[in-house]
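Overview (structure and organization)
Single-letter residue listing:
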Amino acid sequence: MQISLEAGSRRIKEQDAWAKELFPTVHERLKQAAETLPPDNPVQPCVDALTELVKAQADTTGFVVLHQWVEILERHVPPQLPDPEHTTE
């Protein structure tokens, strides 16, 4: 059992080192891909939120905490307010 725990711990450390090394590159690819979308694209708010969440993750040594997720999502994907001109007819 000890050997299994050591192997698991080593694998986690290797995965973490790999991710930390590769993260700046994949983050840059995400930003470049986001920049290619036309500004009127309906998915743009989600792409902007994802890009900001990835940046927030890059700026922390742990996980982006829940309140940061909510702040970012509220900023990019605010709730839809009722349209006073909309009728159900």
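Every value quoted in this text rests on a predicted model; they were computed, and no experiment measured them. (Residues numbered from 1 in each chain as written. Predicted model: local features only at pLDDT ≥ 70, side-chain atom pairs only at ≥ 80, totals over all residues. Heavy atoms only, no water.)

**Topic: the confidence of the model for the protein chain**
Here the protein chain averages 85 in pLDDT, while 89% of its residues score no lower than 70. At the low end of the mean pLDDT range in the protein chain sits helix α1 (residues 2–35), at 88; at the high end sits helix α3 (residues 66–76), at 92. (pLDDT = per-residue confidence, 0-100. Helix = DSSP H or I, 4+ residues; strand = E, 2+ residues; numbered from the N terminus.)

**Some thoughts on the pattern of salt bridges**
Summed over the entire model, instances satisfying the criterion amount to 4 salt bridges. Among the salt bridges present, the one from Lys 20 reaches Asp 16, with a minimum N-O distance of 3.3 Å. One end of the pair is Lys 20 and the other is Asp 16, both in helix α1 and 4 residues apart, which spans about a single turn. For Glu 52, the salt bridge is made with Arg 75, and the minimal N-O distance between the two is 2.5 Å. Note that Glu 52 is positioned in helix α2 (residues 44–58) and Arg 75 in helix α3, a separation of 23 residues in sequence. Look at Glu 52 and you get partly exposed, because its relative accessible area is 24%. (Salt bridge = Lys/Arg side-chain N within 4 Å of Asp/Glu carboxyl O. Buried < 20%, exposed > 50% of the residue type's maximum accessible area, 1.4 Å probe, protein only.)

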